[in-house]
Amino acid sequence: ETTIVTSIANVSKNRKNKKKKKQKKAEEFKSDKTKIFHHKTKKTYGLPDFILSLSVNDVMKLPFWTDCIQKTGKVVYIFERNHPRVAGGKLKLTADRNVNYALFSPNDSKIPRMLIDMKQCPPDFFVHPEHYSQTLFLAKLEDWSETSMFPKGTLLKSLGNVGQIEAESEIILIENQIDDSEHDAKSCQQFTNLLNVNNEFEIPQKERDTRRSFEADCVFTIDPSTARDLDDALSVTELTDKAHNGRTLYEVGVHIADVSYFLLSGSDCDLIARQRTTSVYLVQKVIPMLPRILCEKLCSLNPGEAKLTFSVIWKMDCEGNIYEERVERTIIKSCVKLSYELAQDMIDNPEKQWSQDSLPTIYGNWNPSVISNRVNILMAIARHLRKRRFDSGALNIDAAKLSFVLDPESGLPIGFTPESRRESNFLVEELMLAANMAVAHKVYEAFPNLAFLRRHAPPDAKLLREFQEFCENTNLRVDVSTPEKLKSTVSKLVSESNMHSKVISYYFLRSLTMAVYFCSGMCASKEIFQHYALNVPLYTHFTSPIRRYADVIVHRLLAASLNYTEELKEDERDLHRLAKRCNDNKMAAANASEQSSKLFTNLYLKQVGSVIEIGVVSQVLDHAFDVMLPKFGQMSRVFIETLDLKSFQYRSQGKLHQLELIWNNVDESESLQIIRAFSTVSVRITVSENDIWKWNVTLLPNKQEEAH
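The numbering scheme is per chain: residues are counted from 1 as the chain's sequence reads. Under the rules for a predicted model, residues below a pLDDT of 70 receive no local features and side-chain atom pairs below 80 are neither given nor counted, while totals for whole chains, interfaces and linings still include all residues. Heavy atoms from the whole structure form the basis of all side-chain values; hydrogens and water molecules are not counted.

> Provide a residue-level description of the domain arrangement of the chain, including the pertinent values.
Domains assigned within the chain are domain 1 (86-176), domain 2 (185-457 + 513-598) and domain 3 (609-699). Either an automatic procedure or a domain database provided the assignment from which the domain bounds are taken. For domain 2 and domain 3, the distance between their C-alpha centroids amounts to 44 Å. The term buried area refers to how much accessible surface (probe radius 1.4 Å) is lost by two components on association, counted for both of them together. For the pair domain 2 and domain 3, the two sides together bury roughly 580 Å², of which 71% comes from carbon and sulfur. In terms of surface lost to domain 3, no three residues of domain 2 exceed Ala400, Phe416 and Lys598, which account for 66% of the buried area on that side.

This is the structure we're talking about:
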């Protein structure tokens, strides 16, 4: 803040009516570089009085005034109503105990509190409101008159008690506008009719005549052990011909379920999928975009079953150098379903002799050793692809995710662990990325104005400045002069496997915008097609059509480019609107998944009472500090006033800040605790007794390591 304070001080001293007393304070502040703020003073956020007394006009004289002043505007027209105005929350009496209306307090802070007619409330609510203090209700905002402090709403129904999984999950889905209804039997009948008496789908001869068959090849899937909708499979075969440099060549295939063959454009099921646009993953259940007969039967690449697919096929050497690339309509028959854990075991033990019993059922004339060998060939190729991608400027940052163990009877969480990403995950990831890039070029080349692509803009300028300030305040050097140098610097900082890298990742991810779908014909310049995180000029989603509608559109474009189907009926504007819906629904699905994970985390914490976790201090304020909890991937604030302290001092020297805490009831030699950026601390986490969504985070004394 030195530059800001100096600039503001210069403006202040130029004011003609500046009082001598304030001038004196300014000079004292500038000369005293180590300013101590005692805990008895009022909150000043580390700023002297003369700065706090500046007018808006004073601040507007600064070149960076737009960062200091909140811009305001006026709503003149409602173009589209996107929010259903429905929310979950609690009922309570109004402050004046109004006999005609109760007050509804939504869980969602974006929804205002609303008045509910007492006639809609439970009969004994006015007499015994405490009986309903832990009951969740669903209400809809109906009207808000200009003369009323609160809008009026309608009470729709009672959901259950606070902390009940189904009640809380229903609120999550409603607030994110997610349709969790089952697909009706009528719309699914067309798919049921495709099955024979053995409940199997027989591929028509016409498709066999026009598709390349991989049924005799060693094709396999690698997915989570619990996955039931398998939409991608892999294959690799050594070729007899060699590269010009004598290297062995391989035919590598990525095979994706051909959902568009079954999901006809404009059908009832297609219209529902077009509205949902994505499957939603909660901790305890999945809300599929498509009917289960499609997800788990007709389209899923189950082992031992012939399936229709689109395939991206490369001729590669062992270092991932591509000599030939093509996209074809194909038929595959997976020989085995591998889990990520089993594939990783093969990667870790390439020489191991696998028995037939050590793998799931294997179909066809394949044995475990052959499958293990193919996995390791693909892993070797993927390592080179991954290294080349990061060397060329792609970002390598992963957000923390939790995996829960649920009680089979109650459904409550009995444990959780941070999800670990193995090399087997990277194997699949690299090949899927390569397939997506290949298809992006294919559809853009065929339909330059209708290509359904995905782009990622560089970091937002304001958020990037905030990230830069965070780095400066924590004594980290980050080069933000160009996007390439920024990515290089950040990648080096987060590549280390320590808790500090988690803090850096968290703040950098906050500066990034969301990747979005778009129609190529609605963009003025090809320059904005760029995907910043992947550092590629063209990208799309092709590899998950069972759970993403964007991929279905790309499959239809791909089919048309191969002259298999007619061109899409949609024009550029139709695809532009669809892209917006896909973006909105993807964000809603991500929010719902995150909220579900937080709900189950808090339910677990409430059951065990409290947990003690190691955290890393990310930011120090004059009366509080922020702690990153890497295990949870969350940031929490610890307030000094909640701690059992004799005293504390806040010290600020340049851009470096620290708190000096003196603990009560602690041995004198251990009573002093210093909190600064990247200090490692121990905290106790509990869940609020009255709010399942609120954490209480308390610092434990002298359980820290010195910051680096």
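> Go over the nonpolar core with me, naming the residues and quoting the values.
Within soluble globular proteins, side chains that are nonpolar generally end up buried alongside one another. To qualify as a nonpolar core, a set must consist of buried Ala, Val, Leu, Ile, Met, Phe, Trp, Tyr and Cys residues joined through side-chain atoms within 4.5 Å. Here's how the labels work: a residue is buried when its accessible area is under 20% of the maximum for its type, exposed when over 50%, partly exposed in between, all with a 1.4 Å probe on protein chains only. Membership of the largest hydrophobic core comes to 98 residues, with the highest contact counts inside it found for Phe220, Leu234, Leu338, Ile371, Leu427 and Phe452. Per the convention used, a helix needs a DSSP run of H or I reaching at least four residues, while a strand needs a run of E reaching at least two, with both numbered from the N terminus. Sort the elements by how many residues they give to this core and helix 13 (residues 423-446) lands first, with 11 residues. Whether two residues are in contact is decided by their heavy atoms: any pair within 4.5 Å suffices. Excluding residues within four positions of it along the chain, leucine 234 makes contact with Cys218, Val219, Phe220, Ile222, Gly253, Val254, His255, Leu378, Leu427, Val428, Leu431 and Met432. Counting 48 residues, the second largest nonpolar core, distinct from the first, contains Val86, Ile171, Val280 and Val687.

> Give me the lowdown on unusual backbone geometry, citing residues and values where you can.
In the Ramachandran plot, arginine 97 falls in the positive-phi region, its phi being about 55° despite a non-glycine side chain. Counting through the fold element by element, arginine 97 comes out in the loop between strand 2 (86-93) and strand 3 (101-106). Note on arginine 97: relative accessible area 47%, which makes it partly exposed. Phi is positive for asparagine 665, which is not a glycine, with a value near 55°. Here asparagine 665 shows up in the loop between strand 24 (656-663) and strand 25 (672-676). Look at asparagine 665 and you get exposed, because its relative accessible area is 77%.

> Kindly report on the pairing of strand 20 (residues 611-620), identifying the contributing residues and their values.
Of all 10 residues that make up strand 20, 7 are buried, and the element is covered over most of its length. Should DSSP find at least two bridges between two strands, the strands are regarded as paired. Pairing of strand 20 with strand 21 (residues 624-629) involves 4 bridges; the strand directions are antiparallel. If you follow valine 616 over to strand 21, its bridge partner there is methionine 628. Hairpin geometry of strand 20 and strand 21 is characterised by an intervening segment of 3 residues between the two adjacent antiparallel strands.

> Pulling in residues and values, what's your account of the pattern of salt bridges?
When a carboxyl oxygen of Asp or Glu is within 4 Å of a side-chain nitrogen of Lys or Arg, the pair counts as a salt bridge. Counted under the stated rule, the structure contains 35 salt bridges. As a salt-bridge pair, arginine 556 and aspartate 270 come within 2.9 Å of each other at their nearest N and O atoms. Separated by 286 residues along the polypeptide, arginine 556 in helix 17 (residues 549-561) and aspartate 270 in helix 9 (residues 268-276) bring together distant segments of the chain. Per residue, the accessibility class of arginine 556 equals that of aspartate 270, and both read buried.

> Describe the side chain of threonine 221, with residues and values.
Within the element layout of this structure, threonine 221 appears in strand 8 (residues 219-223). For threonine 221, a relative accessible area of 0% corresponds to the buried category. Excluding residues within four positions of it along the chain, threonine 221 makes contact with Leu230, Asp232, Ala233, Leu301, Ser334, Val336, Lys337 and Leu338.

> Break down the side chain of serine 260 for me, citing the residues and quoting the values.
Within the fold, serine 260 resides in helix 8 (residues 259-262). On the accessibility criterion, serine 260 (15% relative accessible area) is buried. Nitrogen and oxygen atoms within 3.5 Å of one another constitute a polar contact, given that in protein one can donate a hydrogen and the other can accept it, and given that sequence-neighbouring residues count only through two side-chain atoms. A polar side-chain atom of serine 260 sits 2.8 Å from a polar atom in the side chain of aspartate 258. Dropping the residues within four chain positions of it, serine 260 is found in contact with Phe310, His555 and Arg556.

> How would you summarise the confidence of the model for the chain if you had to cite specific residues and measurements?
The predicted coordinates of low-pLDDT regions are not to be read in fine detail. Confidence scores per residue from the predictor, reported as pLDDT, run from 0 to 100. Summarising the model, the chain shows a mean pLDDT of 88, and 92% of its residues fall at 70 or more. Between the elements of the chain, mean pLDDT differs from a low of 42, seen in helix 1 (residues 2-14), to a high of 98, seen in strand 18 (residues 452-455). Below a pLDDT of 50 lies the segment residues 703-708, which in the model reaches 18 contacts outside its immediate sequence neighbourhood of four places, other chains included.

> Residue-level account of the environment of arginine 228, with values.
Mapping arginine 228 onto the fold places it in the loop between strand 8 and strand 9 (232-242). When the C-alpha atoms of arginine 228 and leucine 342 are compared, they prove to be 17 Å apart, with 114 residues separating the residues in sequence. Other than its neighbours up to four places away in sequence, arginine 228 contacts Cys295, Glu296, Ser300 and Asn302. Polar contacts involving the side chain of arginine 228 include one to the side chain of glutamate 296, which spans 3.1 Å.

> Talk me through a nonpolar patch on the surface; I want residue IDs and the actual numbers.
On the surface, Val76, Tyr77 and Phe79 cluster together into a nonpolar patch covering about 470 Å² of accessible area. Following the sequence through the fold, tyrosine 77 ends up in the loop between helix 4 (56-59) and strand 2. On the basis of relative accessible area, tyrosine 77 is assigned to the exposed category, the value being 64%. A patch consists of residues exposed above 30% relative accessible area that lack any salt bridge, with like charges linked at up to 9 Å and nonpolar side chains (Val, Leu, Ile, Met, Phe, Trp, Tyr) linked at up to 5 Å. Surface accessibility follows the Shrake-Rupley procedure with a 1.4 Å probe radius. Residue values consider only the protein chains on display as shielding.

> Before we move on, can you summarise the sheet that holds strand 6 (residues 152-161) with the specific residues and values?
What the 5 strands build is a closed barrel, ordered 2-3-4-6-5; its pairing is mixed. Between one strand axis and the next, the sheet turns through 55° on average, direction left out of account. Lines fitted to the C-alpha atoms define the axes, with helices restricted to the stretch that makes contact. Angles between their N-to-C directions range from 0 to 180 degrees. Each of strand 2, strand 5 (135-143) and strand 6 touches helix 5 (residues 165-175); the most contacted strand, strand 6, lies at about 140° to it.

> I'd love a proper account of the packing of helix 13 against helix 17, names of residues and values included.
Here helix 13 crosses helix 17 at 60°, and the two axes come no closer than 9 Å. Classified by the angle their axes make, helix 13 and helix 17 are oblique. When the axes of helix 13 and helix 17 are compared, the crossing they make is left-handed. The residues of helix 17 that touch helix 13, namely those facing Val439, Lys442, Val443 and Ala446, are Val554, Leu557, Leu558 and Ser561. The residue inventory of the contact of helix 13 with helix 17, partitioned by class, reads 6 nonpolar, 1 polar and 1 charged. Here the word oblique covers every angle except those under 35 degrees (roughly parallel), over 145 (roughly antiparallel) and from 65 to 115 (roughly perpendicular). By convention the crossing between two helices is left-handed if the near helix lies anticlockwise of the far one by an angle smaller than a right angle, and right-handed if it lies clockwise. Three residue categories are used. Nonpolar comprises Ala, Val, Leu, Ile, Met, Phe, Trp, Tyr, Cys and Pro, charged comprises Asp, Glu, Lys and Arg, and polar comprises the others, including Gly.

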